[in-house]
Amino acid sequence: MKKWLKLGSACFLVFGLAACIERTENEMVQETERVDPASGIDVTTQSEGIFKGFANGSQDALTIEIDGKEKSYELAEDATGDITVLQEGDRISFSTKKVGGKERIETIMKK
């Protein structure tokens, strides 16, 4: 009888601890879901560079030199700033946001 009592107590203890651990893991998952980028949080990056021109002869994409390397960016549909007055060689500051795996320029300003 004592063996059954000890076994029952041990099982109760194990299941009780498992329930506590399970509750903690669920709470952690909820916390992760709140800070997950897919939850609607947009991350914007601020950068500076030199305007090198519009890519592919289109005003929808442009090339910027940053730290000696050229990179092309698409313009967001609602991009704002000095887009219409940019000239090749202008020093600029700009902000980008990742949309669909691509960095798109949100704002661009001559310096």
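Values in this document were obtained by computation on a predicted structure and should not be read as measured data.

S.K.: Go over the overall build of the chain with me, naming the residues and quoting the values.
M.R.: A tally of regular secondary structure across the chain gives one helix and five strands. Listing every helix and strand of the chain by position from the N terminus yields α-β-β-β-β-β. Buried positions account for 20% of the 111 residues belonging to the chain. Taking the intrachain contacts of the chain between residues at least 6 apart in sequence as the baseline, contacts between residues at least 24 apart amount to 47%. In the structure as shown, the chain presents an accessible area of about 8,600 Å², 55% of it carried by carbon and sulfur atoms.

S.K.: Let's hear about the pattern of salt bridges: which residues, and what values?
M.R.: This structure, assessed with the given rule, holds six salt bridges. With its nearest N and O atoms 2.8 Å apart, the salt bridge here joins glutamate 48 to lysine 111. Of this pair, glutamate 48 sits in strand β1 (residues 44-54) while lysine 111 sits in the segment after β5 (102-110); the two residues are 63 residues apart in sequence, bridging distant segments of the chain. We classify glutamate 48 as partly exposed; its relative accessible area is 42%.

S.K.: Explain the confidence of the model for the chain to me, using residue names and the numbers behind them.
M.R.: Summary statistics for the chain give a mean pLDDT of 74 and a share of 62% for residues scoring 70 or more. The low-confidence segment residues 21-36 (pLDDT under 50) makes five contacts with residues lying over four places distant or belonging to another chain.

S.K.: Account for unusual backbone geometry, naming residues and giving values.
M.R.: One non-glycine residue, aspartate 67, lies in the positive phi region at around 50°. Relative to the assigned elements, aspartate 67 resides in the loop between β2 (61-66) and β3 (69-81).

S.K.: Provide a residue-level description of the nonpolar core, including the pertinent values.
M.R.: One finds Phe51, Leu62, Ile64, Tyr73, Leu75, Ile83, Leu86, Ile92, Phe94, Ile105 and Ile108 forming the largest nonpolar core, which totals eleven residues. Among residues more than four places away in sequence, those in contact with phenylalanine 94 are Thr45, Gln46, Ser47, Glu48, Gly49, Ile64, Ile66, Tyr73, Ile105, Thr107 and Ile108.

S.K.: Describe in detail the packing of aromatic side chains, supporting the description with residues and values.
M.R.: Taken as a whole and judged by the stated rule, the model has two aromatic pairs. Both rings, one in phenylalanine 51 and one in phenylalanine 54, keep their centres 5.3 Å apart while their planes meet at 70°; by these two values the pair is edge-to-face. Residue classification places phenylalanine 54 among the partly exposed residues on the basis of a relative accessible area of 26%. Taking 5.3 Å as the distance between ring centres and 65° as the angle between the ring planes, the aromatic pair formed by tyrosine 73 and phenylalanine 94 counts as edge-to-face. Of the two residues, tyrosine 73 sits in strand β3 while phenylalanine 94 sits in strand β4 (residues 91-99), which places them 21 residues apart along the sequence. When sorted by exposure, tyrosine 73 lands in the same class as phenylalanine 94, which is buried.

Reading the values: rules and limits
- Residues numbered from 1 in each chain as written.
- Predicted model: local features only at pLDDT ≥ 70, side-chain atom pairs only at ≥ 80, totals over all residues.
- Heavy atoms only, no water.
- Helix = DSSP H or I, 4+ residues; strand = E, 2+ residues; numbered from the N terminus.
- Buried < 20%, exposed > 50% of the residue type's maximum accessible area, 1.4 Å probe, protein only.
- Contact = heavy atoms within 4.5 Å.
- Areas by Shrake-Rupley, 256 points an atom, 1.4 Å probe, with all protein chains shown as cover.
- Salt bridge = Lys/Arg side-chain N within 4 Å of Asp/Glu carboxyl O.
- pLDDT = per-residue confidence, 0-100.
- Core = buried A, V, L, I, M, F, W, Y, C linked by side-chain atoms within 4.5 Å.
- Phe/Tyr/Trp six-rings, centres within 6.5 Å; stacked < 30°, edge-to-face > 60°.

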